[in-house]
Structure formats: structure tokens, C-alpha cells
Amino acid sequence: MKHNPLQLLLWVSIGSFLFLLTWCESDDSYSASYAHDIEPIFSTRCIPCHLSENGNSGNLNLSSYTSLMAGSSNNGPVVVPGDADNSLLYEAVSKPSEEQSILTTRMPQGGEPLSPVSIQLIEDWINEGAKDN
Ligand code: HEC
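Residues numbered from 1 in each chain as written. Predicted model: local features only at pLDDT ≥ 70, side-chain atom pairs only at ≥ 80, totals over all residues.

All right, on to the overall build of the chain then. If you tally the helices and strands in the chain, you get five helices and zero strands. Start at the N end of the chain and walk to the C end: the helices and strands fall as α-α-α-α-α. In terms of overall dimensions, the chain is more spread out than a globule: its C-alpha atoms have a radius of gyration of 21 Å, far above the 14 Å expected for 133 residues. Principal-axis analysis of the C-alpha atoms places the extent of the chain at approximately 75 × 30 × 25 Å. For the chain, with 133 residues in total, the buried portion stands at 19%. When contacts within the chain are restricted to residue pairs at least 6 apart in sequence, those whose partners lie at least 24 apart make up 47%. (Helix = DSSP H or I, 4+ residues; strand = E, 2+ residues; numbered from the N terminus. Rg over C-alpha atoms; globule rule 2.2 N^0.38 Å. Buried ≥ 20, exposed ≤ 12 C-beta atoms within 10 Å, placed from the backbone. Contact = placed C-beta atoms within 7 Å.)

As C-alpha cells, this is what we get:
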């Protein structure tokens, strides 16, 4: 069978279009990003207790993705990627003080709770794999 160059061009175009389509979709499947959503919450609401040069409450330093995921705070890893319900980070900000299993109080300690939108972002980010995205 002889291929018409125009026909070939058409198939190549359809192929690239489908590729772009799936590429865009997979990009959209994350509803929360560490850099855009999570880090700004930490740097506005968790200072000065967890972003200090001279010691951090509960030994948890929230100044970078690496330090958040280091797992070296008092109760070990605070994020279980893909499982917000078993992540101390999510529990700390979402449950009232009296329902905290390990901590003494809800975070931010002594401050207003995070907004429902921020709490949702933290939950989604953890459930989407807690990526450095
Ligand atoms: C006013 C100070 C203060 C602020 C602000 C604060 N924390 Fe804390 N945080 C603490 C203290 C103190 C502890 C240790 C409490 C304990 O062990 O009961 C702690 C412990 C934690 C832990 C548990 C670490 C571990 O392994 O035991 C997490 C998670 C946490 N904080 C998250 C946050 C987040 C997220 C924010 C911001 C939304 C925040 N905290 C804001 C003081 C603070």
C-alpha cells in the first residue's frame, strides 16, 4: 500500500494532539503543589516555631521539603505519602486539641486554626503522594 504524504502528516498530527492531551491531563491531576500551596502555609502560619535557625518545636523544621520529610522530629515521619489519615502533619492541623492522639494541642499551637481551604490542600497534597512539586 502506498502512503500519501498528506495522510502521514494527518496521523502524525493526531498522534501529537493525543500526546499533548494526555500530558495536560496528567499535569492537571494534582490539585495541590508543595511549592505553590503547602510551603506558603508553613511560612505564614508555622513560624517562628518550626522555621527557626535555633531549634524547632517538636524537632520539626518546616523550612523546606527535605526537612519536612526528614522524619527526624519527636514522633518520627509526620507525612505518610498517599495517606493523610495516618499522617501526623494532617492530624496536627485538622483535629481539635482534645482529639490529638500524640500532640498536646492542635497546630498552629495557640493560634487560629488553618482555614478549611488550607487544611484541604494539605490533605490533597499528602493523598496525591506528597511530591516535591
Ligand atoms: C507557637 C508555636 C507553634 C506554631 C505556630 C506551630 N507549632 Fe507545631 N509544634 C509546636 C510545639 C511546641 C510542638 C510539640 C508539641 C507536642 O509534642 O505536643 C509542635 C509539634 C508539631 C508537630 C509534631 C512533630 C512531632 O514529630 O512530634 C507537627 C506535625 C506540627 N507541630 C505542625 C505544625 C504546623 C503544620 C504548623 C503551622 C500550620 C505549626 N505546627 C505551628 C509549636 C508550634
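Below, the discussion takes up the domain arrangement of the chain. We note that the domain assignment places domain 1 (1–30) and domain 2 (32–127) within the chain. When each unit is reduced to the centre of its C-alpha atoms, the spacing between domain 1 and domain 2 is 42 Å. (Domains from an automatic or database assignment.)

Now for the site of the ligand. The local shell around the ligand holds 23 residues, among which Cys46, Cys49, Ser57, Gly58 and Ser73 are the closest. Broken down by element, the residue count for the shell around the ligand peaks at four residues, all from helix H4 (residues 88–94). Class assignment of the residues belonging to the shell around the ligand gives a composition of twelve nonpolar, ten polar and one charged. (Near = placed C-beta within 6 Å. Nonpolar A, V, L, I, M, F, W, Y, C, P; charged D, E, K, R; others polar.)

Moving on, we get to helix H5 (residues 116–127). The terminal C-alpha atoms of H5 lie 16 Å apart, and with twelve residues this matches the ideal 16 Å at 1.5 Å per residue to within 8%. For H5, the full list of buried residues reads Leu121, Ile122, Trp125 and Ile126. Looking straight down H5, one finds that the buried residues subtend no more than 125° of arc, so they occupy a single side. For H5, exposure combined with an orientation more than 90 degrees from the buried face picks out Pro116 and Val117. (Expected span 1.5 Å × (residues − 1). Arc of directions from axis to C-beta.)

So, on to unusual backbone geometry. The omega torsion of the bond from Ile47 to Pro48 falls at -5°, within 30 degrees of zero and hence cis. Considering the arrangement of structural elements, one finds Pro48 in the loop between helix H2 (34–45) and helix H3 (65–69). Here the bond from Met107 into Pro108 is cis, since omega is -5°, no more than 30 degrees from zero. On the secondary structure map, Pro108 appears in the loop between H4 and H5. With a phi angle near 60°, Asn59 is a residue other than glycine that sits in the positive phi range.

In this structure, Ser97 sits in the loop between H4 and H5. Residue Ser97 is classed as exposed on the basis of its 11 C-beta neighbours within 10 Å. Note: C-alpha distance between Ser97 and Asn59 (38 residues apart in sequence) is 19 Å. The contact partners of Ser97, leaving out residues within four places of it in the chain, are Thr105 and Arg106.

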